[in-house]
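Coordinate analysis (summary)
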Amino acid sequence: MTLTINGETQEAAAETLARLLETLELAEAVVATAINGRFVRAADRGRTALRDGDSVEILAPMQGG
């Protein structure tokens, strides 16, 4: 399926958001996620299905001062 991940179109075989994070080697990372502009809690990623054409945002917290 084709997804837009952080603004870039990519092919992905992941069926869930959790599996997508695994394939991107981000499964253990502390990140915020959204699909089509809707926030997805970490606890819900395993049951959040991805569909062809979805837009996925994966954001890491920033530190600064």
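Everything that follows concerns the structure shown earlier in this document.
So, a few notes on the structure that sits alongside this text.

What counts and what doesn't
- Residues numbered from 1 in each chain as written.
- Predicted model: local features only at pLDDT ≥ 70, side-chain atom pairs only at ≥ 80, totals over all residues.
- Heavy atoms only, no water.
- Core = buried A, V, L, I, M, F, W, Y, C linked by side-chain atoms within 4.5 Å.
- Buried < 20%, exposed > 50% of the residue type's maximum accessible area, 1.4 Å probe, protein only.
- Helix = DSSP H or I, 4+ residues; strand = E, 2+ residues; numbered from the N terminus.
- Contact = heavy atoms within 4.5 Å.
- Salt bridge = Lys/Arg side-chain N within 4 Å of Asp/Glu carboxyl O.

**A few points about the nonpolar core**
In this structure, Leu20, Leu50 and Val56 are the most contacted members of the largest nonpolar core, which totals 13 residues. Listed by contribution, the elements that provide at least two residues to this core are β1 (2–5), α1 (17–23) and β5 (55–59). With three residues, α1 is the single largest residue contributor to this core. With near-sequence residues (within four places) excluded, Val56 lies in contact with Thr4, Ile5, Asn6, Leu17, Leu20, Ala34, Ile35 and Leu50.

**Structural notes on the pattern of salt bridges**
When their charged atoms lie close together, side chains carrying opposite charge are able to pair. As enumerated under the stated definition, the model contains three salt bridges in all. The residue Glu22 makes a salt bridge to Arg19 at a minimum N-O spacing of 2.9 Å. Here Glu22 pairs with Arg19, and both are found in helix α1, just three residues apart, close to one helical turn. When its relative accessible area of 42% is taken as the criterion, Arg19 is described as partly exposed. Across the pair Arg41 and Asp44 runs a salt bridge, and its minimum N-O distance is 3.1 Å. Residues joined in a network through salt bridges with shared partners are Arg41, Asp44 and Arg47.

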